[in-house]
Amino acid sequence: MDMGIRGKRALVCASSKGLGRGCAEALAAEGVDLILNARGAEALEATAEEIRSTFGVNVTAVAADITTEDGRTKVLEAAGDVDILVTNAGGPPPGMWTDWSREDFIKALDANMLTPIALMQACLPKMMEKGWGRVVNITSQSVKAPIAVLGLSNSARAGLTGFVAGTARQVAGKGVTINNLLPGIHATDRADALDGGAAKQQGISLDEARAKRAATVPVGRYGTAQEFGATCAFLCSAHGGYIVGQNILLDGGAMNATL
Ligand code: NAP
């Protein structure tokens, strides 16, 4: 299927690795020019070069912390006018509800709620003016089914989800769609870090922790960044214009619910 977005321009945040990179690659495969971002310049440049040489699209790499105002200014200046925005950033650390101070909550809200909101506020007006735009926010399955040890993530992402639910309806009439992609467990560095913590806590090996987690997923394995990216590319495609304000769960059936 031709996604109908060849020649469009996408800003994909936090995209040197993992799910952000999966989205960037899937868009590049459809002929979309990219602005990539991450904090670490080396991995970012390597990813940018790999995508350029594999897909032949233009790729601009901006090393910056997207969760800071300075970082966002740098990224948005380099990005200029974009047709597609994929928001993403690292997730907050796990812990117990008793662990977190006000500062911890502010940091999580900044990273996983206020940053995507600021990016949307910056990019939506131009998309609306042009009459076409796509926004995909990478959130988490924790929006639908809480992950108890990720209380900071549960809180921040619930806030973003509320914002998107209303705003998506306000901009849809201008040809702009906003949707959220909710990853369940996917094989990335983030999953390794979470499994490492679980292995340590339970006194088992990393492989055992992985196998234990994979067994809780009906598909029987972790998701891949490629699968995740393909869904993102579809939402960003010409065919996604009637999908508005949705929270699309990619979790291999892990959440046991009828609806
Ligand atoms: P990952 O493999 O650790 O990759 C994170 C990417 O984001 C890297 O490129 C990283 O590069 C970049 N990044 C992190 N913080 C950044 C920041 N402040 N500014 C700019 N770039 C930043 O993580 P992932 O698994 O793809 O996860 C992506 C998001 O999905 C996270 O919010 C995570 O919590 C959420 N999620 C993931 C899973 C899963 O199973 N993987 C499940 C549910 C939710 P630098 O470190 O160089 O900046």
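The preceding data block contains the structure.
For every chain, the first residue of its written sequence is number 1, and the numbers climb from 1 along that sequence. Given that the model is predicted, a residue must reach a pLDDT of at least 70 before its local features are reported, and side-chain atom pairs must reach 80 or more before they are shown or counted; all residues, however, enter totals for whole chains, interfaces and linings. Computation of side-chain values: all heavy atoms of the structure, hydrogens and water removed.

(A) Fine view of the overall build of the protein chain. Numbering of helices and strands starts at the N terminus; helices are DSSP runs of H or I of at least 4 residues and strands are runs of E of at least 2. A tally of helices and strands in the protein chain yields 8 helices and 7 strands. Between the two quantities, the radius of gyration covers C-alpha atoms and the globule rule is 2.2 Å times the number of residues to the power 0.38. For 259 residues, the compact-globule formula gives about 18 Å, and the C-alpha radius of gyration of the protein chain, at 18 Å, lands near that figure. By its C-alpha atoms, the protein chain is 55 × 40 × 40 Å across when sized along the principal axes. Here a residue-residue contact requires only that any non-hydrogen atoms of the pair lie within 4.5 Å. In the protein chain, once contacts between residues fewer than 6 apart in sequence are set aside, the share between residues at least 24 apart is 72%.

(B) Examining the site of the ligand more closely. Working definition: residue near molecule or strand if any one of its non-hydrogen atoms lies within 4 Å of it. Around the ligand, 28 residues are found, and the nearest of them are Ser16, Leu19, Arg39, Ala89 and Thr188. Here a polar contact is taken to be a pair of N or O atoms separated by no more than 3.5 Å, where protein atoms must pair a possible hydrogen donor with a possible acceptor and residues adjacent in sequence count only if both atoms sit in side chains. The side chain of serine 16 places a nitrogen or oxygen atom 2.6 Å from an oxygen atom of the ligand. A distance of 3.4 Å separates an oxygen atom of the ligand from a polar atom in the backbone of aspartate 189. The Shrake-Rupley method, run with a 1.4 Å probe sphere, supplies the accessible areas, and residue values consider only the shown protein chains as cover. For the ligand, whose accessible area on its own is 880 Å², the fraction buried by protein is 89%. For the shell around the ligand, the elements supplying multiple residues, two or more each, are helix H1 (18-29), strand E2 (33-38) and helix H6 (189-202).

(C) Region of the structure containing the nonpolar core. Ranked by internal contacts, the top residues of the largest apolar core, which has 30 residues, are Val12, Leu27, Leu34, Leu36, Ile51, Ile84 and Val86. Elements with a minimum of two residues in this core: strand E1 (9-12), H1, E2, helix H2 (41-55), strand E4 (84-87), strand E5 (133-138) and helix H8 (225-235). Per-element accounting of this core gives the leading share, 6 residues, to H1. Beyond its immediate sequence surroundings of up to four residues, leucine 36 is in contact with Val12, Ser15, Ala24, Leu44, Thr47, Ala48, Ile51, Val59, Thr60, Ala61 and Val62. Put simply, a nonpolar core is a bunch of buried Ala, Val, Leu, Ile, Met, Phe, Trp, Tyr and Cys residues held in one set by side-chain atoms that sit within 4.5 Å of each other. Relative accessibility decides the category of a residue: with a 1.4 Å probe and only protein chains considered, values under 20% of the type maximum give buried, values over 50% give exposed, and everything between is partly exposed.

(D) Structural context of the pairing of E5. Of all 6 residues in E5, 6 are buried; the element is thus mostly enclosed. Neither face of E5 is open: one carries Gly133, Val135 and Asn137, the other Arg134, Val136 and Ile138, and all of them are buried. The pairing of E4 with E5 spans 4 bridges and is parallel. Note that in E5 the partner of valine 86 across the bridge is valine 136. By convention a crossover is right-handed if, when the strands point away from the viewer, the path from the first strand over the helix to the second runs clockwise. Each parallel crossover has a hand, and for E4 linked through helix H4 (residues 102-130) to E5 it is right-handed. A pair of strands is labelled paired if DSSP reports no fewer than 2 bridges between them. Bridging between E5 and strand E6 (residues 176-183) involves 6 bridges; their strand directions are parallel. Note that in E6 the partner of asparagine 137 across the bridge is asparagine 180. Note that the unit made of E5, helix H5 (residues 151-171) and E6 has a crossover that is right-handed.

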